[in-house]
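Descriptive analysis of the structure
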Amino acid sequence: PLPEGEVIASGHLRAGPTMREGSVVERWEVRRRDCLYVFTVHQEWERQISDVEVVYDADWKPLRAWKRMTIPGADPDGRPDTRLYQLEDEPVSMIQRSPEGLSRHRFNGGRPVAVIGPGRALVSAWIQAHDLEVGDVVRGPVLDFRPLVEEIDEVALRRDPDREEPGLGPVRVYTVFGRESVFTDEHGWVVGDLAGL
């Protein structure tokens with residue numbers, strides 16, 4: 001078992017006045033545990049609750065991810081959908097425990113360099129892995145497990161010019177998928193996004 005470790009970053013994101021889904025709340029924490037980083041996220045809104053844990057090596061390469069989702073009305077007994085992603089497997093695999101039982105899936109696309117999950121905070125781990133200057137871009141296979149059907153796609157992370165954001169002050173701006181922008185503090189930890197979180 002890993003030691004409890006030390007908290008190196010944490011945050012609380014919530015929907016702002018311009019966000020369409022006004023009930024979103026996200027809490028996240030990163031711990032250094034021996035030679036690993038463990039990133040946990042809890043996101044809730046009126047349609048879903050998601051808990052996520054991703055384990056990274058010392059270079060911020062994802063090793064394993066876990067997600068539990070509870071969707072109102074999806075299961076009459078209220079049982080969550082739980083998924084374990086083994087990111088070092090060849091090919092990457094997932095074990096799912098759903099109301100229908102256990103199932104195993106494999107993914108095409110190579111070993112992920114990053115993961116994108118429920119909420120915005122997880123993008124911070126990909127940012128931590130690279131010291132990007134404004135205009136720099138990195139690409140690689142990324143596991144996106146926000147939707148119910150996950151996939152590994154070739155995705156780019158780009159650092160855009162810094163800006164002054166009302167309510168947040170000076171922020172760094174990073175864009176993933178060419179369209180989803182997040183704001184970070186000077187250390188690369190997500191503090192908000194363009195959609196109003």
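Look a little higher up for the structure.
Here's a quick rundown of the structure. The model shown is predicted, which means the values in this text are computed figures rather than measured ones.

Criteria and thresholds
- Residues numbered from 1 in each chain as written.
- Predicted model: local features only at pLDDT ≥ 70, side-chain atom pairs only at ≥ 80, totals over all residues.
- Heavy atoms only, no water.
- Helix = DSSP H or I, 4+ residues; strand = E, 2+ residues; numbered from the N terminus.
- Buried < 20%, exposed > 50% of the residue type's maximum accessible area, 1.4 Å probe, protein only.
- Areas by Shrake-Rupley, 256 points an atom, 1.4 Å probe, with all protein chains shown as cover.
- Lys, Arg positive; Asp, Glu negative; His and termini not counted.
- Charge placed at Lys NZ, Arg CZ, Asp CG, Glu CD.
- Core = buried A, V, L, I, M, F, W, Y, C linked by side-chain atoms within 4.5 Å.
- Contact = heavy atoms within 4.5 Å.
- Pairing = 2+ DSSP bridges.
- Axes fitted to C-alpha atoms, helices over the stretch in contact; angles between N-to-C directions.
- Salt bridge = Lys/Arg side-chain N within 4 Å of Asp/Glu carboxyl O.
- Phe/Tyr/Trp six-rings, centres within 6.5 Å; stacked < 30°, edge-to-face > 60°.

In terms of helices and strands, the protein carries one helix and 14 strands. Overall size of the protein, expressed as C-alpha extent along the three principal axes, is 50 × 35 × 35 Å. Evaluated residue by residue, the protein yields a buried proportion of 45% over its 197 residues. Counting only carbon and sulfur atoms, one obtains 47% of the accessible surface of the protein, whose full area is about 10,400 Å². For the protein, the separation between the mean place of its 25 positive charges and that of its 35 negative charges on side chains is 2 Å.

With that settled, the discussion passes to the nonpolar core. Counting 39 residues, the largest nonpolar core has W28, F39, Y56, L122 and F145 as the members making the most contacts within it. For this core, the element with the most residues is helix 1 (residues 123–128), which contributes four residues. Not counting the four nearest positions on each side in its chain, L122 is found in contact with F39, V41, V52, V54, Y56, V115, G117 and F145.

Relative to the helices and strands, D81 is located in strand 6 (residues 81–86). Those residues in contact with D81, other than ones at most four positions away along the chain, are K67, R68, M69, Q96, R97 and S98.

Sheet architecture is open: six strands sit in the order 9-10-11-12-13-14, paired in mixed fashion. This sheet does not close on itself; its edge strands, each paired only once, are strand 9 (114–116) and strand 14 (190–193). Within this sheet the neighbouring strands show an average axis-to-axis angle of 40°, counted without direction. The pairing of strand 11 (residues 151–165) with strand 12 (residues 169–176) spans seven bridges and is antiparallel. By the bridge assignment, E164 is partnered in strand 12 with P170.

A separate point is the pattern of salt bridges. Counting across every chain of the model gives 15 salt bridges. One salt bridge in this structure joins E6 and R32, with 3.0 Å as the shortest N-O distance. With a gap of 26 residues between them, E6 in strand 1 (residues 6–14) and R32 in strand 2 (residues 25–33) connect regions that are remote in the sequence. What emerges from the salt-bridge pattern is a single network uniting R120, D144, R146, R179, E180 and D193.

So, about the packing of aromatic side chains. A full pass over the atoms with the stated rule returns six aromatic pairs. Pairing Y37 with W60 gives two aromatic rings, centres 4.0 Å apart and planes at 10°, and the pair type is stacked. With Y37 in strand 3 (residues 36–45) and W60 in the loop between strand 4 (48–56) and strand 5 (62–70), this pair connects stretches of sequence that are 23 residues apart. Under the relative-accessibility criterion, Y37 is labelled buried at 13%. Members of the aromatic cluster, each reached through a chain of ring pairs, are W28, Y37, F39, Y56, W60 and W189.

Taking strand neighbours across the sheet as the criterion, the eight strands line up as 1-2-3-4-5-6-7-8 in an open arrangement whose pairing is antiparallel. Of all the strands in the sheet, the pair left with one neighbour each is strand 1 and strand 8 (101–106). Sheet twist, expressed as the average angle between the axes of neighbouring strands with direction ignored, equals 10°. As paired elements, strand 1 and strand 2 share eight bridges and run antiparallel to each other.

Positionally, G117 belongs in the loop between strand 9 and helix 1. Exposure remark for G117: the relative accessible area of 0% places this residue in the buried category. For the pair G117 and V138, spaced 21 residues apart in sequence, the C-alpha separation works out to 19 Å. Excluding residues that lie within four positions of it along the chain, G117 makes contacts with L122, F145 and R146.

Negative phi is the rule for most residues except glycine; trans is the rule for most peptide bonds. Cis geometry is adopted by the peptide bond preceding P91, which originates at E90 and carries an omega value of -5°. Secondary-structure assignment places P91 in the loop between strand 6 and strand 7 (93–98). Not every positive phi belongs to a glycine, and D34 is a case in point at roughly 60°. Assignment of secondary structure puts D34 in the loop between strand 2 and strand 3.

Spatial relationships are all this shows, so hold off on functional conclusions.
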